[in-house]
Amino acid sequence: MKVMVTGATGMLGRDLCEAFLPGNEVLGIARGLKSPGRLGPSVKSEPADITSRSEMFALVERFRPDIVVNSAAIADVDYCERNPDDAFRVNFEGARNVTDAAKSAGAAMVHISTDYVLDGEKDSAYSEDDPTNPLSVYGRSKLEAEKYISSGGGSCVIVRSSWLFGRHGKNFVDFVMDSAGEKKEIRAICEKVGGPTYTFDLSAAIRGLSEKILNAEAAPGIYNISNAGICTRYDFAKDILDCCGLKADVVPITAKEAGGPALRPRRTELDNSKIGKVLGRRLRDYKEAIREYIDKKGERQKW
Ligand SMILES: NC(=O)c1ccc[n+]([C@@H]2O[C@H](COP(=O)([O-])OP(=O)(O)OC[C@H]3O[C@@H](n4cnc5c(N)ncnc54)[C@H](OP(=O)(O)O)[C@@H]3O)[C@@H](O)[C@H]2O)c1
């Protein structure tokens, strides 16, 4: 099949391109993709801006994808809070352009969304049908996109995930390892709970789900996909240190002490039973995923 991935230079987008590559033709797009070959020799790439409706329509007209995965976004939650116009332009209007363009080419659409569409006030796991109530500009901009995509019918899937870490972006695992390596104290929020998710695992699950959708073996709609297990950032930091064998002082702090203008949900455990049924498996525990991430990072550094 032919797969178009937006946000292809991002932490998730790079892994998505790699996950879809075996057996498929993959086109990755992002604004910063000026030089060909940046996504590896086998992934096609083009610079493009999802906020340009004409660019999106021209791209799908030329490439004729079977499936479009929209991973492009402004994912910096505090930046979005300070720059709401930018947030809505990319996260909502951009997503709308990609969706409409995908539909015009008869392609299925997978849109990446977030647990930040939820307010985090539920004390148990959130199913896909629970009410949304975003607390931040980022969450509201992502929810507007979800609503637009859900209302349009067609083969559209929304994937909600949380607390991503992966080899192609700045992430909490690297931050903790780097801080420990430099003998720095690690200050980590102890009052918000979420589900860390490895972009490698998420991308493989998104490929699996996409194939099911194209084969009419799964229904369009919203799917939660996160690694198993939940924790605070404080616990997460300690888990990372355990996994890599480094030592550092981890200091629990409140969200207020951490600063930043955007509010974050208190507790967003995602119920993964729906994706579990579709794929016949759930994603592994996040601690196992951290271990693999660290092992692979070590392998890369040897080279
Ligand atoms: N990070 C998390 O913890 C997290 C959690 C849950 C869900 N998500 C969602 O997962 C997705 C991927 O997040 P991520 O952390 O991988 O993001 P990221 O690393 O910041 O990557 C964002 C990507 O989007 C591209 N992009 C931004 N604006 C664009 C535009 N106007 N046109 C085309 N491309 C544009 C960026 O490239 P250029 O700037 O070069 O264009 C980059 O390739 C997002 O939809 C995000 O909302 C993230």
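Residues numbered from 1 in each chain as written. Predicted model: local features only at pLDDT ≥ 70, side-chain atom pairs only at ≥ 80, totals over all residues.

Caption draft 1: Summary view of the overall build of the chain. Per the secondary structure count, the chain includes eleven helices and 13 strands. With the C-alpha coordinates aligned to their principal axes, the bounding extent of the chain is approximately 55 × 45 × 40 Å. For the chain, buried positions account for 46% of its 303 residues. (Helix = DSSP H or I, 4+ residues; strand = E, 2+ residues; numbered from the N terminus. Buried ≥ 20, exposed ≤ 12 C-beta atoms within 10 Å, placed from the backbone.)

Caption draft 2: The site of the ligand, seen in detail. Among the 29 residues in the neighbourhood of the ligand, the closest are listed as Gly7, Gly10, Arg31, Gly32 and Ala73. Among the elements of the structure, α1 (11-20), α4 (84-104) and β5 (108-114) are those that each provide at least two residues to the shell around the ligand. Counting residues per element, the shell around the ligand draws most heavily on α1, at three residues. (Near = placed C-beta within 6 Å.)

Caption draft 3: Up close: the packing of helix α6 (residues 172-181) against helix α8 (residues 233-244). α8 packs onto α6 with a crossing angle of 65° between their chain directions and a minimal axis gap of 10 Å. Of the two elements, α6 crosses α8, and the hand of that crossing is right-handed. Residue-level inspection shows Phe172, Val173, Val176, Met177 and Ala180 of α6 in contact with α8, the latter providing Arg233, Phe236, Ala237, Ile240, Leu241 and Cys244. Split by residue class, the contact of α6 with α8 holds ten nonpolar, no polar and one charged. (Axes fitted to C-alpha atoms, helices over the stretch in contact; angles between N-to-C directions. Left-handed = near helix turned anticlockwise from the far one by under 90°. Contact = placed C-beta atoms within 7 Å. Nonpolar A, V, L, I, M, F, W, Y, C, P; charged D, E, K, R; others polar.)

Caption draft 4: Structural view of the environment of Ser210. Note that Ser210 resides in helix α7 (residues 199-214). Take Ser210: there are 27 C-beta atoms within 10 Å of it, and that puts it in the buried class. Distance from Ser210 to Arg31, taken between C-alpha atoms, is 25 Å for residues 179 residues apart in sequence. Residues contacting Ser210, with those up to four places away along its chain left out, are Ile67, Ala108 and Val110.

Caption draft 5: Expanded view of the pairing of strand β8 (residues 186-189). Side chains of β8 alternate between two faces, with Ile186 and Ala188 buried and Arg187 and Ile189 left unburied. Pairing of β8 with strand β13 (residues 250-253), which is carried by four bridges, proceeds in the parallel orientation. What sits directly across from Ile186, in β13, is Val250. (Pairing = 2+ DSSP bridges.)

Caption draft 6: Just the nonpolar core, in detail. Of all hydrophobic cores here, the largest spans 85 residues; its most connected members are Val5, Met109 and Val157. Counting residues per element, this core draws most heavily on α4, which supplies seven residues. Apart from residues lying up to four places away in sequence, Val5 is in contact with Gly13, Leu16, Cys17, Phe20, Val26, Gly28, Val69 and Ser71. (Core = buried A, V, L, I, M, F, W, Y, C linked by C-beta atoms within 7 Å.)

Caption draft 7: Spotlight on the sheet that holds strand β4 (residues 67-70). Read from one edge to the other, the open sheet built from seven strands follows the order β3-β2-β1-β4-β5-β6-β11, with strand pairing classed as parallel. Edge positions in the sheet fall to β3 (44-47) and β11 (221-224), since each of these pairs with one other strand and no more. Neighbouring strand axes in the sheet, compared pairwise and without regard to direction, differ in orientation by 20° on average. Sheet strands in contact with helix α5 (residues 137-151) are β5 and β6 (156-161), and its direction is about 155° off that of β5.

Caption draft 8: Fine view of the packing of α1 against α7. Between α1 and α7, whose axes approach to 8 Å, the crossing angle comes to 50°. In terms of orientation, α1 lies oblique with respect to α7. The two elements α1 and α7 cross, and the hand of that crossing is right-handed. Residues Met11, Leu12, Asp15, Leu16, Ala19 and Phe20 of α1 lie in contact with α7, whose contacting residues are Thr199, Phe200, Leu202, Ser203, Ala204, Ile206 and Arg207. (Parallel < 35°, antiparallel > 145°, perpendicular 65-115°, else oblique.)

Caption draft 9: Just the environment of Leu59, in detail. With respect to the element layout, Leu59 can be found in helix α2 (residues 53-63). Along the sequence, Leu59 and Leu214 sit 155 residues apart, while their C-alpha atoms lie 21 Å from each other. Apart from the residues lying within four places of it in its own chain, the contact partners of Leu59 are Ile29, Glu46 and Ala48.

Caption draft 10: Quick peek at α5. Taking 1.5 Å per residue, 15 residues should reach 21 Å; α5 reaches 21 Å between its end C-alpha atoms and fits that length. Trailing α5 by a residue or two, Gly153 shows a phi angle of about 70°, which is positive. (Expected span 1.5 Å × (residues − 1).)

Caption draft 11: Molecular detail of α4. Its 21 residues give α4 an end-to-end C-alpha distance of 29 Å, which sits within 8% of 30 Å, the value for a rise of 1.5 Å per residue. At Glu93, α4 is bent by approximately 25°, the largest bend along its length. For α4, the complete set of buried residues consists of Ala87, Val90, Asn91, Phe92, Gly94, Ala95, Asn97, Val98, Thr99, Ala101 and Ala102. Two residues or fewer past α4, Gly106 is found with a positive phi of approximately 70°. (Bend = angle between axes of the 7 residues up to and from the residue.)

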